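Here is what each chain is made of, one letter per residue.
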Number of protein chains: 2
Amino acid sequence: MSMDTDTSRPKYELVADAIDRRAGELNPHDALPSERELMQQLNVSRMTVRRAIEQLVRRGLVYQVHGSGTFVADPAVVTKTLHLTSFTEDMVQRGLTPTTTVLSSATTQATAEVARRLGIQPGDEVFCLERLRLADGSPMALERVHLPPLGIDFATIDPATSLYAQMEARGWTVERAAQTIEAVNLDHTQARALDQAVGAAALRVTRVSFNDAGQPVEHAMTIYRGDRYGYDLVISRHAG
Amino acid sequence: MSMDTDTSRPKYELVADAIDRRAGELNPHDALPSERELMQQLNVSRMTVRRAIEQLVRRGLVYQVHGSGTFVADPAVVTKTLHLTSFTEDMVQRGLTPTTTVLSSATTQATAEVARRLGIQPGDEVFCLERLRLADGSPMALERVHLPPLGIDFATIDPATSLYAQMEARGWTVERAAQTIEAVNLDHTQARALDQAVGAAALRVTRVSFNDAGQPVEHAMTIYRGDRYGYDLVISRHAG
DNA sequence: AAGTGGTCTAGACCACCGC
DNA sequence: CGGTGGTCTAGACCACTTC
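- Chain A is annotated in an unreviewed UniProt entry as GntR family transcriptional regulator of Terrabacter aerolatus.

Okay, structure coming up:
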């Protein structure tokens, strides 16, 4: 196979790509070559083939039946699994252009609720940021973010751009996030900021993000306009 | 180790349990024994140890740092990853008692939208079920479910109990589901059924469920009372 | 340099499916 | 029965962190 030019990516990913390409030429529910065949054709060990297929199964591209074979899945949904995206990434993915208006930005003391969610003490210094997020120029969401004091100089944060990107750049990689999604009626202030009628339905998404060590690195509360925003997700039984 | 009495469960799960127990005795961010140590102590190969740890990483119980070690994660959230549950399971998990009132139940012809989502032709026979779901006796959600004609005799379905359980029993295992969550204002009919004010905010969850071959096996639209229901989920960057 | 996790191999046996 | 995926082993080398 033509994998000998790439040294940076692990072999099982290259194998996964190769199998994926082959699956693309077949119809749904067609059988793929057996693992032992693939292993010979691609000149890798069976474990590498299995690891590659494991990825494809998780992505919903193929499925396996014990004793029978590996088959191409029906592509009904597939794609867009669920990525843990920032507002910026989310809007870009929907084909919209995101912009941001900073409403306030300050270092304050954590309230009891914020402290509890961030695993710190009430009164500890936190960075609080309130922003209006727009898509294609019109208001999409109101957002209030709290960052815990984890060794970052709050003064160096640019409140107008993607926080996730800035966190990544400083080695804060977000690995997991817990969210609660609720439906609320907009009050006067929110309605005015979002250019909506008072009482209009909106989504309130409350999120705490964690790094891979399970430490909270962000708390965010976002209110999305109900008429412009829907929350899409694909749940799979595995992978959890 | 004491794994010699169990033959039904794969060894890597038993190893995962053993490592999990050991992690439970440590504090967050404490180091676990290295993979090579565990492999000797538990008398298994390294691949089995790694596969066990891989599960624990996905569950958020431990984390690994290349070149450094495997550590106990901060248990901040952990648990309740995201299960793909039915209304019944969901309510039980919240400590509520679910009951159901069947509003209508009939075999009809698929509308264009339902047909598109279920991957069938408009006009094909589908089973349509409308139910009011209650928790601890008070209304929680309004639900409309469509089932495609996949070889099940619709007449044998009990509309008053969990559809997921009945589907499982007939070998329809749901493997994946795509959902859209939106915020809506209740109209008169919905408000009356849910014992809410007209215009109150509610969550509308639209779901298509798939088996492991990617075939749609259910389409459901559910409207949850906004004052009683929130949608919790944990997103992890991996496992997708 | 020593120790850690990350990748990969070659081979084995088991459990399940279909003929 | 032969072929399939599912599990497991023993060993190797690489990449990275820590000292």
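### Structural notes on the overall build of chain A
Now for step 1: If you tally the helices and strands in chain A, you get seven helices and nine strands.
Now for step 2: Each of the three principal axes of chain A carries a C-alpha extent, and together these read 65 × 40 × 30 Å.
Now for step 3: For chain A, with 240 residues in total, the buried portion stands at 45%.
Now for step 4: Carbon and sulfur atoms provide 48% of the accessible area of chain A, an area that totals close to 11,700 Å².
Now for step 5: The average position of the 25 basic charges and that of the 30 acidic charges among the side chains of chain A differ by 4 Å.

### Considering the interface of chain A and chain B
A common measure of how large an interface is: the accessible area buried when the components associate.
Now for step 1: Taken together, the 51 residues of chain A in the interface contact 52 residues of chain B.
Now for step 2: A buried area of about 4,400 Å², summed over both sides, lies between chain A and chain B, and 55% of it is on carbon and sulfur atoms.
Now for step 3: Among the residues of chain A in contact with chain B, Arg176(A), Ile235(A) and Arg237(A) are the three that bury the most area, contributing 16% of the side total.
Now for step 4: Across the contact surface, chain A and chain B share zero salt bridges.
Now for step 5: Between the two partners, chain A and chain B, sit twelve residue pairs in polar contact (both at pLDDT 80 or more).
Now for step 6: Here the side of chain A that touches chain B takes ten residues from strand β6 (residues 176-185) of chain A, the largest share from any one element.
Now for step 7: Looking at the side of chain A that touches chain B, its residues break down into 25 nonpolar, 15 polar and eleven charged.
Now for step 8: When β6(A) meets strand β9 (residues 231-236) of chain B, the two strands line up antiparallel, connected through six bridges. By the bridge assignment for β9(B), Ala178(A) is matched with Val234(B).

### A look at the nonpolar core
Now for step 1: Ile181(A), Leu203(A), Tyr231(A), Ile181(B), Leu203(B) and Tyr231(B) are the most contacted members of the largest nonpolar core, which has 62 residues in total.
Now for step 2: Here Ile181(A) is in contact with Leu203(A), Arg204(A), Val205(A), Tyr231(A), Ile181(B), Leu203(B), Gly230(B), Tyr231(B) and Leu233(B), once residues within four sequence places are set aside.

### Details of unusual backbone geometry
Residues and elements named next belong to chain A.
Now for step 1: At His29, a residue that is not glycine, the phi angle is positive and equals roughly 75°.
Now for step 2: Mapped onto the secondary structure, His29 falls in the loop between α1 (11-24) and α2 (35-41).
Now for step 3: If you check the backbone angles, Asn43 has positive phi at about 60° while not being a glycine.
Now for step 4: By the secondary structure assignment, Asn43 is in the loop between α2 and α3 (46-58).

### Description of the relation of the copies chain A and chain B
Now for step 1: Each copy superposes on the other: chain A lies on chain B with an RMSD of 0.2 Å after a rotation of 180° and an axial shift of 0.0 Å. Classification of the inter-copy transformation places it as that of a two-fold axis.
Now for step 2: Take the interface residues of chain A: 100% of them recur as interface residues in chain B, which is what a same-surface contact looks like.

### A short note on the packing of α1(A) against α3(A)
Residues and elements named next belong to chain A.
Now for step 1: The N-to-C vectors of α1 and α3 enclose an angle of 60°; their axes lie 8 Å apart at closest approach. As for the relative orientation of α1 and α3, their crossing is right-handed in sense. Taken together, the residues of α3 that come into contact with α1 (itself represented by Lys11, Tyr12, Glu13, Val15, Ala16, Ile19 and Asp20) are Thr48, Val49, Arg51, Ala52, Ile53, Gln55 and Leu56.
Now for step 2: For the contact of α1 with α3, a count of residues per class yields eight nonpolar, two polar and four charged.

### Focus: the protein's contact with DNA strand C
Now for step 1: Taken together, 25 residues lie near DNA strand C, and Lys11(A), Thr48(A), Arg51(A), Arg46(B) and Arg50(B) sit nearest.
Now for step 2: For DNA strand C, the fraction of protein-proximal atoms (within 4 Å) that sit in sugar or phosphate groups is 60%.
Now for step 3: For DNA strand C, a phosphate oxygen lies 2.3 Å from a polar atom in the backbone of Lys11(A).
Now for step 4: Contact distances for DNA strand C include 2.8 Å between a phosphate oxygen and a side-chain N or O atom of Arg50(B).
Now for step 5: The set of elements that each furnish at least two residues to the surface near DNA strand C consists of α1 and α3 of chain A together with α2 (35-41), α3 (46-58), β1 (62-65) and β2 (69-72) of chain B.

### Examining the confidence of the model for chain A
For any part of a model where pLDDT is low, the fine detail of the predicted coordinates should not be relied upon.
Residue and element names in this part refer to chain A.
Now for step 1: Confidence in the prediction of chain A, expressed as mean pLDDT, is 88, and 92% of residues score 70 or more.
Now for step 2: Of all secondary-structure elements in chain A, the lowest mean pLDDT belongs to helix α6 (residues 163-169), at 78, while helix α7 (residues 188-194) reaches the highest, 97.
Now for step 3: The low-confidence segment residues 1-5 (pLDDT under 50) makes eight contacts with residues lying over four places distant or belonging to another chain.

### Notes on the environment of Tyr229(B)
Residues and elements named next belong to chain B.
Now for step 1: Assignment of secondary structure puts Tyr229 in the loop between β8 (216-225) and β9.
Now for step 2: The spacing of Tyr229 and Ala141 is 88 residues in sequence and 8.8 Å in space, taken between C-alpha atoms.
Now for step 3: Once you skip the residues sitting within four places of it in the chain, Tyr229 turns out to touch Asp90, Met91, Arg94, Met140, Leu203 and Tyr224.
Now for step 4: Among the polar contacts made by the side chain of Tyr229, one reaches the side chain of Asp90 at a distance of 2.8 Å.

### Observations concerning the packing of aromatic side chains
Residue and element names in this part refer to chain B.
Now for step 1: Evaluated as defined, the whole model comprises four aromatic pairs over all chains.
Now for step 2: Judged by centre distance (3.8 Å) and plane angle (10°), the rings of Tyr224 and Tyr229 are stacked.
Now for step 3: Tyr229 gets classed as buried once you look at its relative accessible area, which sits at 4%.
Now for step 4: Note that Arg51 overlies the ring of Tyr12, its terminal NZ or CZ placed 4.1 Å from the centroid.

Rules of the game
- Residues numbered from 1 in each chain as written.
- Chains lettered and ligands numbered in written order.
- Predicted model: local features only at pLDDT ≥ 70, side-chain atom pairs only at ≥ 80, totals over all residues.
- Heavy atoms only, no water.
- Helix = DSSP H or I, 4+ residues; strand = E, 2+ residues; numbered from the N terminus.
- Buried < 20%, exposed > 50% of the residue type's maximum accessible area, 1.4 Å probe, protein only.
- Areas by Shrake-Rupley, 256 points an atom, 1.4 Å probe, with all protein chains shown as cover.
- Lys, Arg positive; Asp, Glu negative; His and termini not counted.
- Charge placed at Lys NZ, Arg CZ, Asp CG, Glu CD.
- Contact = heavy atoms within 4.5 Å.
- Buried area = accessible area lost by both parts, 1.4 Å probe.
- Salt bridge = Lys/Arg side-chain N within 4 Å of Asp/Glu carboxyl O.
- Polar contact = N/O pair within 3.5 Å; in protein donor to acceptor, adjacent residues only side chain to side chain.
- Nonpolar A, V, L, I, M, F, W, Y, C, P; charged D, E, K, R; others polar.
- Pairing = 2+ DSSP bridges.
- Core = buried A, V, L, I, M, F, W, Y, C linked by side-chain atoms within 4.5 Å.
- Least-squares fit on C-alpha atoms with pLDDT ≥ 70 in both.
- Axes fitted to C-alpha atoms, helices over the stretch in contact; angles between N-to-C directions.
- Left-handed = near helix turned anticlockwise from the far one by under 90°.
- Near = heavy atom within 4 Å.
- pLDDT = per-residue confidence, 0-100.
- Phe/Tyr/Trp six-rings, centres within 6.5 Å; stacked < 30°, edge-to-face > 60°.
- Lys NZ or Arg CZ within 6 Å of the ring centre and 35° of its normal.

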